[in-house]
Amino acid sequence: MAYPHQLRPIYLHQIESVDTSNGSGKNLMDTFGRRHTYLRISLTERCNLRCTYCMPAEGVELSPASNILSASEILRLAKLFVREGVTKVRLTGGEPTVRKDLVDVVAGLNELRPLGLQHIGMTTNGIVLKRKLWDLKRAGMDQLNISLDTLDKLKFPMITRRLGFENVIESIDAATALGFESVKVNVVIIRGLNHDEIVPFVNFSKDRNVYVRFIEYMPFDGNRWNQEKFMGYNEMLEEIKKVHSIVEKCSDSPNDTSKAYRVPGFRGQFGFITSMSEHFCGTCNRLRLMADGNLKVCLFGNGEVNLRECLRQGVSDAELLNIVGAAVKRKKKQHAGIAHRHASPIIGVSKKLHNTNVSSFATGSNYFRYRIPLLSSLARPLPGDAFARGFSSGSDDVSRDYPSQLTHTDPTTGRAHMVDVSAKPPTLRRAVASCTVHLSADAFRSVQTNQLKKGDVLSVARIAGIMAAKNTATLVPLCHPIALDIVDVEFEMDQQQVDSPGEIRITATAVCTGKTGIEMEAIVAVSMAGCTIYDMCKAVDKAIRITDIRLIEKSGGRSGTYKAD
């Protein structure tokens, strides 16, 4: 077997040890009939830019190098997925070009084409791409997505907090000249920042064979998303038609995430990725393998399965596929919050560049955390301290020791007191809490159709949750008053059958830059939102129950990151 670019022999053993017989593909089919043929693999958490909509200026906390998948681990998992039916692999990051063995990984993926892999792509910011292009193409890469959010050289460092505009333009032109099968330019549109460049970006495709894709601005950790900055694709299209009165709709493939258009006479085309205004969950065929080995079946979901630990504990290929299959089967019909959102398109999205905690099996159980079933053979004891670790994505080890002393109690007198935080430095803090409200079929229907005499239940509950979060220090005696940056309260409605009882899952996210934790603000928000739903629906159903009030995750502060099992 010949490996382009002299693929390092150290990688070959794990790659060639994988059974080369093609699987049935059943492990990549979810319960809604979606076959997952597209795998996105993050090679690194590191990035050489600090784009304002993506991450804070100081960057994000990175995983230890030992937690990042090696090239051989990436290629072994890729081969398993390809054998099971994946036809396209896209390399992402962070920024994938900062990884030194990038070309080796591409070359290894290229060896999977006889098993059914058809396309090898990469999403990159283009800063150092130009000098790697030839090696990447020779190794087997055929598709490129290059991120560029402005055509203004002076505005570029305002968005990315770094220089390099000319490098990106040169990379785009070099990629088209080298004859890559597809060169796409991804543009995140933010009102007030670059929405005035929509038409210039369309014109950018006039003499270049590129596909310019306008991406609706989405909420990520730390990007201070708000409705005023959001611009939907219909409004973008209208702006284009003011200048180009004739635009042609191009045909879209069944699993395309973008809606494609073309200006007659232009070499390239343009399109829109409508993640916020018109989701494409129904045709989603994508899975994501994070740099630390966590498999995500949905970018917007919290559930993850860490395949890295499985690899390193000697789990067989057959067992790995069953683990993957169990995760895929739990994929929801669409991402949380879309179906029943009311006032705001905001969704609880977390761009987990720093999602790194070791995940493993629960002792004596046939279940992963999140209740993803394993084969009974996977409940066998594993070496080391694997039992003690659950499926969590914090940057600190879940098994670390937490203080046994209650921080609000004087150890000598036993009296309650307020914690002194004057010496603590302010940090960016985020907390997410949730609860579930159980209603009768009649009450659920009344909320869903907005037929209660008291008004729009969810809108009032959202306001109540936000107001409660702002008054947490008044409601909880020893909490510090906190200047909140944002509180977001979202609802997900679930009913198995039309005449059956239903549930409303409430999720609250609170963010601040401060000296003390913000968990109570999130918990108080969901609690009061739940109480408001009860109050407004009690005339229809007095048996309403509010359950499962809990902290889902938190980040920031000395204790680091926590994520519930």
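Residues numbered from 1 in each chain as written. Predicted model: local features only at pLDDT ≥ 70, side-chain atom pairs only at ≥ 80, totals over all residues. Heavy atoms only, no water.

Enquirer: Outline helix 6 (residues 165-178), supporting the account with residue identities and numerical values.
Expert: Across its 14 residues, helix 6 extends 20 Å between first and last C-alpha, which sits within 8% of the 20 Å expected from 1.5 Å per residue. Turning to helix 6, its buried residues number three or more, namely Phe165, Val168, Ile169, Ser171, Ile172, Ala174 and Ala175. If you follow the buried residues of helix 6, they end up packed against helix 4 (133-139), strand 4 (143-147), helix 5 (156-160), strand 5 (182-189) and helix 7 (198-204). (Helix = DSSP H or I, 4+ residues; strand = E, 2+ residues; numbered from the N terminus. Expected span 1.5 Å × (residues − 1). Buried < 20%, exposed > 50% of the residue type's maximum accessible area, 1.4 Å probe, protein only. Contact = heavy atoms within 4.5 Å.)

Enquirer: Residues and numbers for the sheet that holds strand 3 (residues 119-124), please.
Expert: Read across the sheet, twelve strands follow the order 7-8-9-6-5-4-3-2-1-10-11-12 without closing on themselves; strand pairing throughout is mixed. At either end of the open sheet lies a strand with only one pairing partner, and these are strand 7 (248-249) and strand 12 (305-306). Note: strand 2 (residues 88-92) against strand 3, four bridges, orientation parallel. The residue bridging Leu91 from the neighbouring strand is Met122, located in strand 3. Helix 6 rests against strand 4 and strand 5 of the sheet, and its axis sits at about 160° to strand 4. Its contacts with the sheet put helix 8 (residues 233-243) on strand 5, strand 6 (211-216), strand 8 (258-262) and strand 9 (269-273), and the angle it makes with strand 9 is roughly 155°. (Pairing = 2+ DSSP bridges. Axes fitted to C-alpha atoms, helices over the stretch in contact; angles between N-to-C directions.)

Enquirer: Now, about the sheet that holds strand 16 (residues 545-555): what can you tell me, with residues and values included?
Expert: Within the open sheet, the five strands sit side by side as 14-15-13-16-17. Their pairing is antiparallel. The open sheet has two edge strands with one neighbour each: strand 14 (484-495) and strand 17 (562-563). This element, helix 11 (residues 441-449), spans strand 13 (427-439), strand 14 and strand 15 (502-514) of the sheet and lies at about 125° to strand 14. Contacts from helix 14 (residues 519-537) reach strand 13, strand 14, strand 15 and strand 16, with the element oriented near 25° to strand 13.

Enquirer: Before we move on, can you summarise the pairing of strand 4 with the specific residues and values?
Expert: The buried fraction of strand 4 is high, at four of five residues. Judged from the four bridges that link them, strand 3 and strand 4 form a sheet pairing that is parallel. Opposite Met122, over in strand 4, you have Leu144 as the bridge partner. Tracing the backbone out of strand 3, into helix 4 and back to the parallel element strand 4 gives a crossover that is right-handed. Looking at chain direction, strand 4 and strand 5 are connected through five bridges and run parallel. Its bridge partner lying in strand 5, Ser147 is registered against Asn186. (Right-handed = clockwise from strand over helix to strand, strands pointing away.)

Enquirer: Give me the lowdown on the packing of helix 12 (residues 457-470) against helix 14, citing residues and values where you can.
Expert: Packing of helix 12 against helix 14 leaves a shortest axis separation of 7 Å and a crossing angle of 145°. Both helix 12 and helix 14 take part in a crossing whose hand is right-handed. On the side of helix 12, the interface is formed by Val457, Leu458, Val460, Ala461, Ala464, Gly465, Ala468 and Ala469, while helix 14 contributes Glu521, Val524, Ala525, Met528, Ala529, Thr532, Ile533, Met536 and Cys537. Broken down by class, the residue content of the contact of helix 12 with helix 14 amounts to 14 nonpolar, two polar and one charged. (Left-handed = near helix turned anticlockwise from the far one by under 90°. Nonpolar A, V, L, I, M, F, W, Y, C, P; charged D, E, K, R; others polar.)

Enquirer: So, the confidence of the model for the chain: which residues are in play, and what are the values?
Expert: Mean pLDDT over the chain works out to 82, with 79% of the residues at or above the 70 mark. Contacts of residues 1-15 to residues separated by more than four positions or lying in other chains number 32 contacts, the stretch itself having pLDDT below 50. Taken together, the stretch residues 336-404 has pLDDT below 50 and engages in 182 contacts with residues farther than four places along the chain or on a different chain. (pLDDT = per-residue confidence, 0-100.)

Enquirer: Go over the nonpolar core with me, naming the residues and quoting the values.
Expert: One recurring pattern in soluble globular proteins: nonpolar side chains tend to sit buried together. Leu91, Leu109, Phe214, Phe270 and Leu307 are the most contacted members of the largest nonpolar core, which totals 92 residues. Sorting elements by how many residues they give to this core places helix 2 (residues 71-84) first, with eight residues. Residues in contact with Leu91, not counting those within four places in the same chain, are Ile41, Leu43, Pro96, Leu102, Val105, Val106, Leu109, Gly121, Met122, Thr123 and Met141. (Core = buried A, V, L, I, M, F, W, Y, C linked by side-chain atoms within 4.5 Å.)

Enquirer: Any details on the pairing of strand 2? Residues and values, ideally.
Expert: The buried fraction of strand 2 amounts to five of the five residues, a majority that puts the element mostly inside the structure. Every second residue of strand 2 is oriented toward a common face, with Lys88, Arg90 and Thr92 on one face and Val89 and Leu91 on the other, all of them buried. Relative to strand 2, strand 1 (residues 38-42) is paired through five bridges, and the arrangement is parallel. When the bridges of strand 2 are listed, Arg40 appears paired with Arg90. In this region the chain leaves strand 1, passes through helix 2 and returns to the parallel neighbour strand 2; the handedness of that crossover is right-handed.

Enquirer: Give a detailed account of unusual backbone geometry, specifying residues and quantitative values.
Expert: Note that the residue after Gly93, namely Gly94, is joined by a cis bond; omega there is 10°. Topologically, Gly94 is positioned in the loop between strand 2 and helix 3 (102-110). Of note in this structure, Arg161 is not a glycine but carries a positive phi near 60°. Tracing the sequence through the fold places Arg161 in the loop between helix 5 and helix 6. Relative accessible area serves as the criterion here: at 30%, Arg161 is assigned to the partly exposed category. Of note in this structure, Asn450 is not a glycine but carries a positive phi near 60°. Among the secondary structure elements, Asn450 is positioned in the loop between helix 11 and helix 12.

Enquirer: Explain the side chain of Thr436 to me, and be specific about the residues and the numbers.
Expert: Looking at the element boundaries, Thr436 is found in strand 13. Among residues more than four places away in sequence, those in contact with Thr436 are Glu503, Ile504, Arg505, Arg545, Ile546, Thr547 and Asp548.

Enquirer: Which residues make up the side chain of Ser42, and what values go with them?
Expert: The residue Ser42 is located in strand 1 in this model. At 3.3 Å, the side chain of Ser42 and the backbone oxygen of Gly93 are in polar contact. Leave out the neighbours within four places in its chain, and Ser42 touches Thr92, Gly93, Gly94, Leu289, Met290 and Ala291. (Polar contact = N/O pair within 3.5 Å; in protein donor to acceptor, adjacent residues only side chain to side chain.)

Enquirer: Describe helix 11, with residues and values.
Expert: Within helix 11, the full set of buried residues consists of Ala441, Ala443, Phe444, Ser446 and Val447. Looking at the buried positions of helix 11, the neighbouring elements they touch are strand 13, helix 12, strand 14, strand 15 and helix 14. Note on helix 11: the residue one or two positions beyond its end, Asn450, has a positive phi of about 60°.

Enquirer: Summarise the packing of aromatic side chains; cite the residues concerned and give the values.
Expert: For the structure shown, the criterion picks out eight aromatic pairs. Seen in terms of ring centroids, Phe156 and Phe165 are 5.9 Å apart; in terms of plane orientation they differ by 65°. Their pairing is edge-to-face. With relative accessibility at 4%, the residue Phe156 sits in the buried group. Taken together, a centroid distance of 6.5 Å and an interplanar angle of 85° make the contact between Phe201 and Phe214 edge-to-face. With Phe201 in helix 7 and Phe214 in strand 6, this residue pair connects regions lying 13 residues apart in the sequence. The same class applies to Phe201 as to Phe214, namely buried. Here the aromatic cluster, defined as three or more aromatic residues joined through ring pairs, consists of Phe201, Phe204, Phe214, Tyr233, Tyr261, Phe270 and Phe272. (Phe/Tyr/Trp six-rings, centres within 6.5 Å; stacked < 30°, edge-to-face > 60°.)

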